[in-house]
Amino acid sequence: MRLTPSRIALALVLAATGSGLAPSFAQGVPEPPPIQSDDARLLPVLGAHGMVSSQEAQATRVGVEILKAGGNAVDAAVAVGFALAVTLPRAGNLGGGGFMMIHRAEGDETVALDYRETAPAAARSDMFLDGKGEPDRAASTRTGKAVGVPGTVRGLAEAHRLYGSGRFTLADLIAPAEKLARAGIPVESGLADSLPRAAGLLGRWPSSRKIFFSGDKPLQRGDRLVQADLADTLAHIARDGPDAFHTGAIAERIAAAVHEAGGVMTAADLAAYRPVVREPVRGTYRGYAIASMPPPSSGGIHLIEILNVLEGFDLAGMGAGSADALHTLTEAMKPAYADRATWLGDPARTQVPVEGLIAKPYAARLRAGIDPARARPAAEVKAGDPLPFESDQTTHFSVVDGAGNAVSNTTTLNFSYGLGLVAEGTGVLLNNEMDDFSAKPGALNAYGLVGSVANAVSPGARPLSSMTPAFVFRDGRLVLVTGSPGGSRIISTVLQVIVNVLDFRMNLAEAVAAPRIHHQWQPDVLMAEEGLSPDTLALLRARGHRIKVGATSGSANSIQAADGLLAGAADPRQRGTLADGY
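This is a predicted model, so every value here is computed, not measured. (Residues numbered from 1 in each chain as written. Predicted model: local features only at pLDDT ≥ 70, side-chain atom pairs only at ≥ 80, totals over all residues. Heavy atoms only, no water.)

Student: Got a sec to walk through the overall build of the chain? Specific residues and values, please.
Tutor: Summing up its helical and strand segments, the chain has 21 helices and 23 strands in all. In the chain, buried positions account for 62% of the 582 residues. Summing over all exposed atoms, the chain offers an accessible surface of approximately 19900 Å²; the carbon and sulfur share of this is 53%. (Helix = DSSP H or I, 4+ residues; strand = E, 2+ residues; numbered from the N terminus. Buried < 20%, exposed > 50% of the residue type's maximum accessible area, 1.4 Å probe, protein only. Areas by Shrake-Rupley, 256 points an atom, 1.4 Å probe, with all protein chains shown as cover.)

Right, here's the structure in full:
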């Protein structure tokens with residue numbers, strides 16, 4: 001529902017009915033963030049009964065229809081997840097994995113569902129090193145060795161089994177995706193933009209060319225993408241459940257495709273895959289409660305770590321987009337990414353000091369190292385010692401239903417279109433997620449992130465991720481559902497959406513659209529989107545920041561809840577995104 005003058009008036013009333021507590025940069029809970037704007041281009045979509053915000057319009061509409069038919073947020077999220085495998089093939093998937101945060105209003109329960117890909121049983125720690133012992137980037141991104149065991153199908157099915165409303169079968173939720181795959185979808189918007197860029201990747205594989213090419217060229221705007229094999233795969237899953245994907249003919253075809261491409265994954269690896277329900281990582285920020293994804297995602301830990309550091313600064317007083325605020329954000333990011341490189345990995349295989357990394361006293365130590373007048377070179381920033389404090393292409397969508405149940409889900413193939421390889425006869429695009437492991441300590445992955453032995457390749461291990469699906473609560477009530485794709489920039493994207501809403505009092509559409517920055521410690525470059533003031537950039541350079549302007553960060557499709565209304569914002573950085581509610 002688009003905002004009308006009467007809805008804006010209602011939004012103003014709702015925004016004013018908060019706790020009455022005055023904002024404070026260190027203590028207290030600010031007023032609820034507004035959902036109105038003086039700029040008509042930056043108005044969120046409003047709904048009273050349900051809201052879906054995703055990177056692809058048809059998938060959003062599928063989710064909204066499930067909500068209208070009586071489904072809960074998880075039902076809608078599962079339907080959106082399967083639909084994105086059809087309508088957003090560069091990131092939505094059956095052949096990848098992801099993380100889903102689920103909040104159930106009844107019982108005030110929040111859980112983290114990990115359906116991240118795993119390393120095959122035959123994986124070895126040196127499998128991505130060349131004859132000289134150096135990382136072989138091509139092996140970890142462009143061959144069958146790059147394929148991790150997919151988790152999406154079992155993950156979505158498990159979410160439905162454990163947390164669905166019970167009003168829909170899994171087949172009901174898959175049916176819209178199957179219909180879209182079989183009938184075909186128009187090549188337009190983001191799909192039309194991405195296919196030419198992926199032509200070299202997809203064109204390497206005859207099985208992919210049959211689907212995404214017409215003659216010698218990728219499908220173009222105005223063509224129709226029909227995915228009959230994918231429709232058949234979806235139909236098998238609808239009829240027989242996730243075992244139809246993880247065992248039998250489909251699994252054998254996927255394993256054969258990986259093997260022919262030089263990989264080591266087997267049908268037995270697919271059969272053995274299981275998602276994991278985990279306890280979220282939790283923190284607080286200016287009186288709000290934060291819940292996000294725990295390891296093997298680094299996202300939740302470092303989101304909270306950075307927020308803890310920022311809590312000691314008066315960001316609101318500095319002003320949104322000011323040199324002071326951007327400098328402070330940057331300097332808070334650097335040590336968190338240094339910690340990521342040292343401490344994070346699969347919790348089943350390495351001891352991650354979660355409590356130490358998200359401890360407020362540890363943040364105080366990091367905060368003390370920030371010079372307000374000078375950018376620290378990366379060489380001066382080292383991973384801290386949290387132990388004394390112990391007690392890619394990707395897509396994100398958010399869903400909230402009328403009862404307050406919510407889903408924040410980030411799913412990925414790693415690169416856009418993953419490996420680019422469709423397993424013959426299945427329609428399933430395969431991931432190249434194994435690049436998220438560390439080929440060797442200190443080596444960089446495709447996103448420039450430094451790795452350590454904690455994230456080494458190991459049979460059955462789950463590679464470290466930056467995915468950060470997140471919830472924000474106030475006094476036990478849901479305030480914000482957010483997350484983003486973007487590889488290493490995911491954490492900083494989610495961070496800035498939260499800061500924009502809670503500190504800078506932006507409405508959700510403004511918070512999502514505002515220009516972003518990113519610094520990940522190594523390489524020592526501050527990436528800035530277009531739209532920041534040249535004067536501000538000059539002030540940052542004077543403090544010693546090396547700035548690269550022009551990079552785009554993420555697609556933070558988010559939802560805000562405010563006293564009976566839901567406000568949705570789809571990120572304008574990607575074409576074809578849509579937030580819709582009713």
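Student: I'd love a proper account of the packing of aromatic side chains, names of residues and values included.
Tutor: Using the criterion set out here, one finds 2 aromatic pairs in the structure. Ring centres of Phe212 and Tyr417 lie 5.9 Å apart, and the angle between their planes is 75°; on these two criteria the pair is classed as edge-to-face. Exposure class is identical for Phe212 and Tyr417. Each is buried. Where Phe471 meets Phe473, the ring centres are 6.0 Å apart and the plane angle is 65°; that geometry is what we call edge-to-face. Using a relative accessible area of 0% as the deciding quantity, one classes Phe471 as buried. According to the relative accessible area criterion, Phe473 is buried, its value standing at 7%. Directly above the aromatic system of Phe213 lies the positively charged group of Arg209, at a separation of 4.4 Å from the ring centroid. (Phe/Tyr/Trp six-rings, centres within 6.5 Å; stacked < 30°, edge-to-face > 60°. Lys NZ or Arg CZ within 6 Å of the ring centre and 35° of its normal.)

Student: Provide a residue-level description of the environment of Leu191, including the pertinent values.
Tutor: Within the secondary structure layout, Leu191 lies in helix 7 (residues 189–197). With 102 residues separating them along the chain, Leu191 and Pro89 place their C-alpha atoms 8.1 Å apart. What Leu191 contacts, discounting residues up to four positions off in sequence, is Pro89, Arg90, Ile185, Pro186, Leu225 and Tyr417. (Contact = heavy atoms within 4.5 Å.)

Student: Tell me what's going on with helix 6 (residues 170–183), and back it up with residues and numbers.
Tutor: For helix 6, which comprises 14 residues, the first-to-last C-alpha distance of 20 Å matches the rise-based estimate of 20 Å (1.5 Å per residue) to within 8%. The sharpest bend along helix 6 comes to roughly 30°, located at Pro176. Burial in helix 6 covers these residues: Leu170, Leu173, Ile174, Ala177, Leu180 and Ala181. Contacts made by the buried residues of helix 6 are with helix 2 (57–68), helix 3 (73–87), helix 5 (152–163), strand 5 (185–186) and helix 10 (228–240). Just downstream of helix 6 lies Gly184, where phi reads positive at about 90°. (Expected span 1.5 Å × (residues − 1). Bend = angle between axes of the 7 residues up to and from the residue.)

Student: Lay out unusual backbone geometry in plain terms, naming residues and giving numbers.
Tutor: Following Pro295, the chain continues into Pro296 via a peptide bond in cis, with omega recorded as 20°. Along the chain, the position of Pro296 falls in the loop between strand 11 (288–292) and helix 14 (299–310). In this structure, Pro523 follows Gln522 across a cis peptide bond, with omega equal to -5°. When you line up the elements, Pro523 lands in the loop between strand 18 (517–518) and strand 19 (526–528). For Asn414, which is not glycine, the phi dihedral falls at a positive 80°. Since its relative accessible area comes to 0%, Asn414 is described here as buried.

Student: How would you sum up the nonpolar core? Please name residues and give values.
Tutor: Grouped together as the largest cluster of nonpolar side chains are 84 residues, with contacts concentrated most on Leu310 and Leu495. The element that contributes the greatest number of residues to this core is helix 16 (residues 323–343), accounting for 11 residues. Leave out the neighbours within four places in its chain, and Leu310 touches Tyr285, Arg286, Leu315, Thr328, Leu329, Ala332, Leu495 and Val499. If you look at the next biggest cluster of nonpolar residues, it comprises 80 residues, including Ala59, Ile250, Tyr273 and Phe397. (Core = buried A, V, L, I, M, F, W, Y, C linked by side-chain atoms within 4.5 Å.)

Student: Could you give an account of the sheet that holds strand 9 (residues 276–278), naming the residues involved and the relevant values?
Tutor: In space, the 7 strands of this open sheet follow the order 9-4-3-13-12-2-23, with antiparallel pairing throughout. Two strands bound the open sheet, and with one partner strand each, they are strand 9 and strand 23 (578–581). Here the strands of the sheet are splayed against their neighbours by 15° on average, with no regard to which way each runs. As defined by bridge partners, strand 12 (residues 394–401) adjoins strand 13 (residues 406–412) across 7 bridges and the pair is classed as antiparallel. For Thr395, the partnering residue across the bridge sits in strand 13 and is Thr411. Running over the sheet, helix 2 touches strand 2 (50–54), strand 12 and strand 23 and is turned about 160° from strand 2. (Pairing = 2+ DSSP bridges. Axes fitted to C-alpha atoms, helices over the stretch in contact; angles between N-to-C directions.)

Student: So what's going on with the environment of Met293? Residues and values would help.
Tutor: When you line up the elements, Met293 lands in the loop between strand 11 and helix 14. The class of Met293 is buried, set by a relative accessible area of 0%. For the pair formed by Met293 and Arg278, sequence separation is 15 residues and the distance between their alpha carbons is 8.5 Å. Not counting residues up to four positions away in its chain, the partners in contact with Met293 are Phe99, Met100, Met101, Ala112, Leu113, Asp114, Val281, Gly299, Gly300, Ile301, Met467 and Pro469.

Student: Residues and numbers for the side chain of Arg573, please.
Tutor: Relative to the elements of secondary structure, Arg573 occurs in the loop between strand 22 (565–569) and strand 23. At a separation of 3.4 Å, a polar atom in the side chain of Arg573 contacts the main-chain carbonyl oxygen of Ala513. One polar contact links Arg573 to Glu529, side chain to side chain, over a distance of 2.7 Å. (Polar contact = N/O pair within 3.5 Å; in protein donor to acceptor, adjacent residues only side chain to side chain.)

Student: Please set out the packing of helix 2 against helix 3 residue by residue, giving values where relevant.
Tutor: Between two packed helices, what matters for the description is the angle formed by their axes and the separation of those axes. At a minimum axis distance of 8 Å, the contact between helix 2 and helix 3 shows a crossing angle of 155°. Here helix 3 runs roughly antiparallel to helix 2, going by the angle between their axes. Helix 2 and helix 3 meet at a crossing whose hand is right-handed. The segment helix 2 lies against helix 3, with Gln58, Ala59, Val62, Gly63, Ile66 and Leu67 engaging Ala73, Asp75, Ala76, Ala79, Val80, Ala83, Leu84 and Thr87. Considering only residue class, the contact of helix 2 with helix 3 consists of 10 nonpolar, 3 polar and 1 charged. (Parallel < 35°, antiparallel > 145°, perpendicular 65-115°, else oblique. Left-handed = near helix turned anticlockwise from the far one by under 90°. Nonpolar A, V, L, I, M, F, W, Y, C, P; charged D, E, K, R; others polar.)

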